[in-house]
Amino acid sequence: METNNKTTPITAEKDRNSISLDLMHRMRLHGMSAAFSESLQATFAETMTPDSFLNWLLSREWDYRAARNIERLVKNANFRYDDASVAQIDYNLPRGLDRNQMERLASLDFIRKGENLFITGCSGTGKSYLATALGYEACKAGMRVLYANASKLMGTLKIAKNKGTIETEFKKLEKTQLLILDDLFLVPLDAKERAHLTEIIEDRHGRKSIIVTSQLPELDWYEAIGDSTVADAILDRIVHTAHRITLTGESVRKLKAIKSR
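Residues numbered from 1 in each chain as written. Predicted model: local features only at pLDDT ≥ 70, side-chain atom pairs only at ≥ 80, totals over all residues. Heavy atoms only, no water.

Q: Would you take a moment to explain the sheet that holds strand 1 (residues 116-120) for this structure?
A: Backbone hydrogen bonds are what pair the strands of a sheet, in a parallel or an antiparallel way. Strand order in this open sheet of 5 strands is 2-3-4-1-5, and the pairing throughout is parallel. Looking at strand neighbours, the two that pair on one side only are strand 2 (145-149) and strand 5 (242-246), the edges of this open sheet. Taking each pair of neighbouring strands and ignoring which way they run, the sheet shows an average axis angle of 15°. Where strand 3 (residues 178-182) meets strand 4 (residues 209-214), 4 bridges bridge the pair, whose relative direction is parallel. Its bridge partner lying in strand 4, L181 is registered against V212. Across the sheet, helix 7 (residues 150-163) lies against strand 2 and strand 3, angled at about 95° from strand 2, the strand it touches most. (Pairing = 2+ DSSP bridges. Helix = DSSP H or I, 4+ residues; strand = E, 2+ residues; numbered from the N terminus. Axes fitted to C-alpha atoms, helices over the stretch in contact; angles between N-to-C directions. Contact = heavy atoms within 4.5 Å.)

Q: Any chance you could explain the packing of aromatic side chains here in plain terms?
A: Working definition: an aromatic ring pair is given by the centre-to-centre distance plus the angle between the planes. A complete count under the given rule lists 6 aromatic pairs for this structure. Residues F36 and F53 carry aromatic rings whose centres are separated by 6.3 Å and whose planes lie at 50° to one another, so their mutual orientation is tilted. With F36 in helix 2 (residues 30-40) and F53 in helix 3 (residues 50-77), this pair connects stretches of sequence that are 17 residues apart. Of the two residues, F36 and F53, both sit in the buried class. Ring geometry for F118 and W221: centres 4.8 Å apart, planes at 65°, overall edge-to-face. Here F118, found in strand 1, pairs with W221, found in helix 10 (residues 221-225); they are 103 residues apart in sequence, far enough to count as distant. (Phe/Tyr/Trp six-rings, centres within 6.5 Å; stacked < 30°, edge-to-face > 60°. Buried < 20%, exposed > 50% of the residue type's maximum accessible area, 1.4 Å probe, protein only.)

Q: Hey, could you run me through the pairing of strand 3 in this one?
A: Two faces make up the sheet, and in a regular strand the side chains alternate between them. Most of strand 3 sits inside the fold, with 5 of its 5 residues counted as buried. Two elements, strand 2 and strand 3, share 5 bridges in a ladder whose sense is parallel. Following the sheet pairing, A148 is matched in strand 3 by L181. Read from strand 3 through helix 9 (residues 191-204) to strand 4, the crossover connection turns out right-handed. (Right-handed = clockwise from strand over helix to strand, strands pointing away.)

Structure representation (structure tokens):
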């Protein structure tokens, strides 16, 4: 009779530690297995009580699973930057960024409340970086995040509509606690894009958060949407619960290039 990894009998020939490691691997307790292996190569475990040792093993397993979960969330978020971090934000650059506001946003309370964030400013002022840094914080807190270039997302939804898979795409967006729409309104929306954006906004209204980055000032969004009725519906659902960061000054890339000379 065939057996698998979960049903194979324990072999008596092995010593107890080897049996324990084998069982940990079978049960996918990889963090605990690594910790137990470390304890076998050192003497610190001998100074622990059984309760302390068990607590240490379980804590290592918990930390391992938490780290793996964060890795998975970050990978699925599809961030634009791999190294964006709230801790690495440069507040010395002359762009009107308020440290206190960023620290409040980094607490993620606005996401837990289903509120939105608008980050506007000229090209190169660091809008996408700030949005991504907050996205990383959300992943570290166990939240599902999706970063999407707005134009590419609209293109993807158009293709899905033609293929008949549009509902699948909307369900993917629906599952995210934080949706980052980068470079929204870079070009005016057409009729199909207006319909898709309306559905996204309607689905998330009051429940899940959106971070919008845009080169276009908020006052010009109404015109960029292109239809007054749709614009009223979209903006009414997102502006009243929105936090705002308005970046000023020159491109960060340009300023850093000048500084490095």
